[in-house]
Amino acid sequence: MYSRIAGTGSYLPAAVVSNADLEQRMETTDEWIRERTGIQRRHRAAPGETTVDMAEHAARAALLAAGRDARDVDLIIVATCTPDLVFPNPGVMLQKRLGCVGGPAFSVEAACSGFIYAMSLADKFIRAGESKCALVVGSETLSRITNHDDRGTAILFGDGAGAVLLEAHAEQGIISTHLRADGNYQDLLYCSGGISRGHAPGGDHIVMAGSEVFKMAVTMLGRIVDETLAANGLPKSAVDWLVPHQANIRIIQATAKKLDMPMERVIVTVQEHGNTSTASVPLALDAGVRDGRIKRGELLLLEAFGGGFTWGSALVRY
Ligand code: COA
């Protein structure tokens, strides 16, 4: 038994913050942001709009795309670093909203790699026969942990959600997943406060050593895409679409180069919403599916890198 993608969905909040808006607030330029990151705009959750609100929109869209009823769902995993509450976890909140209580529902925190981690877990549940229909969601309200006066980070992050419905299937869908972490790099990318340590004065914010993170992301993502193909005995040319974490166009270009892939075969959405952490990979996947570029039977390589550091990949026959 394998797990297969039955449907995808996504959601971006209505409010948009453009590079021109940021020029008004801090010492930066549209040109600098576009050249160094590829980002043109990012979406921001409305006051009171939460991670679970956005997760629900994306989840309903994925269910609709799959032609499945929410009552079919027997497992929910929500990847996020910005949960509504410490507990209950956003998975059970989503379960209640969708009306599919009973099966396991939980959240995964692995920063920007969270969706790949969650997808890998759901795949294992399905392969083990413990789930037949799993909802995997990445959803973030990063605007609530962004220092909007810090030009090194405020330009990068945005809000949004993406979801994938996985179903048990006799044919191979998810071929392999590869998860990695190295806790030695915690100081390069982290949130400055929390429950156990206490909240940071002035609020908990993303802190990042940008160029160090950049170099590690390029190195580790280059390595993991090689490992993923080697583990499956596949040449680079076998991959139809790279669906990368949307953090920075230059990181995406470096990974594509490592795979000898032209940018026409890479799903790029970073210009539209910036870095949405766990939502980023499913947002890109949904964009590629909905505009008809990604077709059934094609081979997809998903990858992500985030704080921790954590990183990972998934090779998927769509
Ligand atoms: N506008 C204008 N100038 C800016 C700026 C901004 N928004 N942000 C930083 N700068 C300045 C710096 O202060 C620095 O100036 P200095 O040389 O006078 O000190 C200069 O630009 C270069 O800064 P640096 O941080 O070396 O730039 P960079 O090319 O590395 O780009 C990032 C910065 C953040 C865009 C880039 O490092 C990056 O994308 N890193 C990875 C981020 C990421 O993906 N994180 C999440 C991983 S999940």
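Please refer to the structure placed before this passage.
For clarity, every value in this text was computed on a predicted model and none was experimentally measured. (Residues numbered from 1 in each chain as written. Predicted model: local features only at pLDDT ≥ 70, side-chain atom pairs only at ≥ 80, totals over all residues. Heavy atoms only, no water.)

## Let's talk about the pattern of salt bridges
Oppositely charged side chains are able to pair whenever their charged atoms sit close together. This model, assessed by the stated rule, comprises 16 salt bridges. Between R127 and D123 there is a salt bridge, and its shortest N-O distance comes to 3.1 Å. In this pair, R127 and D123 both sit in helix 5 (residues 114–127), four residues apart, roughly one turn of the helix. In this structure, E227 and R180 form a salt bridge, with 2.8 Å as the shortest nitrogen-oxygen distance. (Salt bridge = Lys/Arg side-chain N within 4 Å of Asp/Glu carboxyl O. Helix = DSSP H or I, 4+ residues; strand = E, 2+ residues; numbered from the N terminus.)

## Section: helix 5
The end-to-end C-alpha distance of helix 5 is 20 Å, a good match for the 20 Å that 14 residues give at a rise of 1.5 Å each. When you tally the buried positions in helix 5, you get 10 out of 14 residues, the bulk of the element. If you check which residues of helix 5 are buried, you get G114, F115, I116, Y117, A118, M119, S120, A122, D123 and I126. Within two residues after helix 5, G129 carries a phi angle of roughly 80°, on the positive side. (Expected span 1.5 Å × (residues − 1). Buried < 20%, exposed > 50% of the residue type's maximum accessible area, 1.4 Å probe, protein only.)

## Looking at the sheet that holds strand 12 (residues 299–306)
In space, the four strands of this open sheet follow the order 8-13-12-11, with mixed pairing throughout. Of all strands in the sheet, those with a lone pairing partner are strand 8 (174–181) and strand 11 (241–244), marking the two edges. Neighbour-to-neighbour, the strand axes of the sheet open up by a mean angle of 10°, direction not taken into account. The sheet contact formed by strand 11 and strand 12 spans four bridges and is parallel. Its bridge partner lying in strand 12, W241 is registered against L300. (Pairing = 2+ DSSP bridges. Axes fitted to C-alpha atoms, helices over the stretch in contact; angles between N-to-C directions.)

## Things to note about the packing of helix 6 (residues 210–231) against helix 7 (residues 249–258)
Contact geometry of helix 6 with helix 7 gives a least axis separation of 9 Å together with a crossing angle of 30°. For the element pair helix 6 / helix 7, the angle class is roughly parallel. When the axes of helix 6 and helix 7 are compared, the crossing they make is right-handed. Here F214, A217, V218, L221, G222, V225 and D226 of helix 6 lie close against helix 7, whose contacting residues are R250, I251, A254, T255 and K258. Broken down by class, the residue content of the contact of helix 6 with helix 7 amounts to seven nonpolar, two polar and three charged. (Parallel < 35°, antiparallel > 145°, perpendicular 65-115°, else oblique. Left-handed = near helix turned anticlockwise from the far one by under 90°. Contact = heavy atoms within 4.5 Å. Nonpolar A, V, L, I, M, F, W, Y, C, P; charged D, E, K, R; others polar.)

## Some words on the nonpolar core
By size, the foremost hydrophobic cluster in this structure holds 40 residues, and its most contacted members are L242, L259, L301, F305 and F309. Elements with a minimum of two residues in this core: helix 6, helix 7, strand 12 and strand 13 (310–317). Looking at which element gives the most residues to this core, the answer is helix 6, with eight residues. Non-local contacts of L259, meaning those with residues more than four positions away in its chain, are made with V225, L229, K236, L242 and L301. Membership of the second largest hydrophobic core comes to 32 residues, among which are I77, A79, L285 and L302. (Core = buried A, V, L, I, M, F, W, Y, C linked by side-chain atoms within 4.5 Å.)

## Looking at helix 7
Among the residues making up helix 7, those that are buried are I249, I251, I252, T255 and A256. Down the axis of helix 7, the smallest arc covering the buried residues is 160°, so these residues share one side. Close packing links the buried residues of helix 7 with helix 2 (30–37), helix 6, strand 11, helix 8 (270–273) and strand 12. Of the residues that open helix 7, the one with a side-chain oxygen 2.7 Å from the backbone nitrogen of R250 is N248. Among the residues trailing helix 7, D260 stands out with phi positive, at a value near 55°. (Arc of directions from axis to C-beta. Polar contact = N/O pair within 3.5 Å; in protein donor to acceptor, adjacent residues only side chain to side chain.)

## Quick word on the site of the ligand
Surveying the vicinity of the ligand reveals 22 residues, the closest of which are T28, R36, R151, G210 and N248. Contact distances for the ligand include 2.6 Å between an oxygen atom and a side-chain N or O atom of R36. At a separation of 3.0 Å, a nitrogen atom of the ligand approaches a polar backbone atom of G210. Computed on the free molecule, the ligand has an accessible area of 950 Å², of which 71% lies beneath the protein chains in the complex. Elements supplying a minimum of two residues to the shell around the ligand: helix 2, helix 6, helix 7 and strand 12. Here the element with the most residues in the shell around the ligand is helix 6; it accounts for four residues. Taken together, the residues of the shell around the ligand break down into nine nonpolar, nine polar and four charged. (Near = heavy atom within 4 Å. Areas by Shrake-Rupley, 256 points an atom, 1.4 Å probe, with all protein chains shown as cover.)

What is shown is where atoms sit, not what they do.
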